[in-house]
Structure formats: structure tokens, C-alpha cells
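# Breakdown of the fold
Each chain, letter by letter, is given below.
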Amino acid sequence: MNVLHFVNAFFGDSAHWHGYDGIPHRLLEHVRYSLLALAFAAAIGLPIGLITGHSGRGGNTLALIATAARALPSFGLLVLMFILLGFGLLPVMIPLVVLAVPPILVTTYEAVRSVDPPPVDAARGMGMTEPRILFQVEVPVALPLILSGLRSAAIQIVSTATIAAYVSLGGVGRYIVDGLYQRDYEKVVGGATLVAVLALVTLGVFWAVARTAVSPGVRRSA
């Protein structure tokens with residue numbers, strides 16, 4: 001009941017809906033950080049995963065890199081980047097991108113490798129070039145699994161982007177950090193609730209994208 005009371009008090013306070021520290025502004029900041037980190041991670045992970053998955057080479061190296069990246073503590077990396085680079089968005093982006101690249105990279109590689117060989121062999125027999133085989137044959141079939149990797153990375157980013165508040169940036173993590181400092185548990189619970197809601201919205205967005213982008217035949221066979 002205390003948690004529900006804190007949630008009701010936080011969202012029922014009109015002061016939390018206006019101004020620089022208002023919920024709409026903090027949500028927009030959090031979404032901006034998350035989308036930027038996901039875009040950078042996808043720009044790194046997708047091409048490498050697609051190329052290595054198509055060629056079948058480098059799987060062990062990718063697994064080693066992904067394991068090493070996942071072992072890095074995000075908060076520890078944030079503190080290190082803050083010491084080296086100072087205040088700004090870059091020290092926050094680096095830990096978030098490092099966190100998000102492994103699931104995108106490994107899942108994309110596995111998605112392309114899991115495509116049945118007969119359609120690929122048939123495409124080669126018809127004289128299709130390797131890039132056309134990748135993007136016209138393999139990617140459409142592998143798309144559900146590729147999207148699952150992006151979805152996993154997005155959820156991790158949304159959940160971890162709260163660390164931006166530790167280096168004086170915004171986002172909904174601001175409520176959690178400030179609430180703990182001020183011993184204002186209404187703010188802490190409210191911030192945590194907003195993070196959970198954003199994670200659920202992210203799941204819904206990727207579900208909608210999958211329903212739109214993946215062909216019905218691939219969805220049924222997945």
C-alpha cells in the first residue's frame with residue numbers, strides 16, 4: 001500500500017507535470033538518450049552481424065567480444081568515462097552503446113546463420129550477387145530474430161539510461177537520484193514507475209514494428 005500511495009502522490013501532484021523538472025520534459029530527455037544510444041549501437045552491431053552472419057566467419061570472435069562487453073559494469077564504465085571526458089552526453093552514450101551492441105551483434109549473426117540453406121543456394125544458382133542474397137533472401141527471413149535483438153538492446157538501454165542522472169544529465173533517472181539524495185521516496189518510486197512504463201511501451205513499439213515489417217509467412221513459420 002505504501003508503494004501505491006507514493007505512486008498516486010507522485011503522479012497526482014500537478015507540480016510534477018510542468019516545467020523543466022516535469023514528467024513530460026524528463027520523459028522526452030530519457031527517450032532522446034535511449035534512441036540516440038540505440039541508433040549508435042545498431043549502426044555498429046547490425047552491419048557487423050549481417051556481414052559475419054552471411055559469410056559464416058568470425059562467429060567465435062563475436063561471441064568473445066560480446067561476452068567481454070557484457071562483463072563490463074555500466075556504472076563503473078560511466079564513472080571512468082566521466083573522469084576521462086568530464087560532463088556531457090558522450091560519457092553517458094559510451095556505456096549505453098557498449099551495453100546494447102552485444103545483443104544486437106550476436107542475435108543478428110545468429111539470425112542470418114539460421115536461415116535455411118536451400119533458398120540461399122537457389123538464389124546463388126540464379127546468379128544473384130552476395131549483397132542481394134543477403135538483403136533480399138536472408139534478411140527478410142531473419143528479421144524476426146534481428147528485431148528481437150534490437151528489442152532486447154532497447155529494453156536494456158531504457159532501463160540503464162537512468163545512470164545519466166549521476167553525471168548531472170536529465171531523464172527520469174533524475175527523479176530516482178534526486179529522490180534518494182533528498183530522501184523523497186515519492187520521487188524514487190515515481191521515477192522507477194516511469195522507467196517500467198517506458199520499458200513496456202518499448203515492448204509494444206517493437207511488437208507493432210514486427211507485425212508491420214515481418215511478412216505473414218515468416219511470422220507463421222517463426
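One can find the structure itself at the top, above this paragraph.
This text gives an overview of the structure that appears in the document.

Thresholds applied
- Residues numbered from 1 in each chain as written.
- Predicted model: local features only at pLDDT ≥ 70, side-chain atom pairs only at ≥ 80, totals over all residues.
- Heavy atoms only, no water.
- Salt bridge = Lys/Arg side-chain N within 4 Å of Asp/Glu carboxyl O.
- Helix = DSSP H or I, 4+ residues; strand = E, 2+ residues; numbered from the N terminus.
- Buried < 20%, exposed > 50% of the residue type's maximum accessible area, 1.4 Å probe, protein only.
- Expected span 1.5 Å × (residues − 1).
- Bend = angle between axes of the 7 residues up to and from the residue.
- Phe/Tyr/Trp six-rings, centres within 6.5 Å; stacked < 30°, edge-to-face > 60°.
- Axes fitted to C-alpha atoms, helices over the stretch in contact; angles between N-to-C directions.
- Parallel < 35°, antiparallel > 145°, perpendicular 65-115°, else oblique.
- Left-handed = near helix turned anticlockwise from the far one by under 90°.
- Contact = heavy atoms within 4.5 Å.
- Nonpolar A, V, L, I, M, F, W, Y, C, P; charged D, E, K, R; others polar.

## Considering the pattern of salt bridges
- A full pass over the atoms with the stated rule returns four salt bridges.
- Linking Arg-26 and Glu-29 is a salt bridge whose minimum nitrogen-to-oxygen distance equals 2.8 Å. Here the residue Arg-26 and the residue Glu-29 both occupy positions in helix α2 (residues 23–55), the gap between them amounting to three residues, near one helical turn.
- Take Arg-26: its relative accessible area is 5%, and that puts it in the buried class.
- Looking at Glu-29, the relative accessible area reads 9%, which means it is buried.
- With its nearest N and O atoms 3.1 Å apart, the salt bridge here joins Asp-178 to Arg-174. Taken together, the residues Asp-178 and Arg-174, both in helix α8 (residues 173–182) and four residues apart, mark about one turn of the helix. Note on accessibility: Asp-178 and Arg-174 belong to one class, buried.

## Looking at α2
- Taking 1.5 Å per residue, 33 residues should reach 48 Å; α2 reaches 47 Å between its end C-alpha atoms and fits that length.
- Ala-42 marks the point of greatest bend in α2, at about 30 degrees.
- Just past α2, the residue Gly-56 takes up positive phi, approximately 80 degrees.

## Brief notes about the packing of aromatic side chains
- The full count for this structure, using the stated rule, is three aromatic pairs.
- Pairing Phe-10 with Phe-11 gives two aromatic rings, centres 5.1 Å apart and planes at 90 degrees, and the pair type is edge-to-face.
- Measuring from ring centre to ring centre gives 5.1 Å for Phe-10 and Tyr-175, while their planes differ by 80 degrees; the resulting arrangement is edge-to-face. Of this pair, Phe-10 sits in helix α1 (residues 2–12) while Tyr-175 sits in helix α8, placing them 165 residues apart in sequence.
- Residue Phe-10 is classed as buried on the basis of its relative accessible area, which comes to 0%.
- The rings of Phe-10, Phe-11, Trp-17 and Tyr-175 are connected pair by pair, giving a single aromatic cluster.

## Structural notes on the packing of α8 against helix α9 (residues 185–213)
- At their nearest, the axes of α8 and α9 sit 7 Å apart, and the two run at 165 degrees to each other. As the angle between them shows, α8 and α9 are arranged roughly antiparallel. α8 and α9 meet at a crossing whose hand is left-handed. In contact with Tyr-175, Ile-176, Gly-179, Leu-180 and Gln-182 of α8, α9 contributes Lys-187, Val-188, Gly-191, Ala-192, Leu-194 and Val-195.
- Each residue belonging to the contact of α8 with α9 can be placed in one class, and the counts come to seven nonpolar, three polar and one charged.

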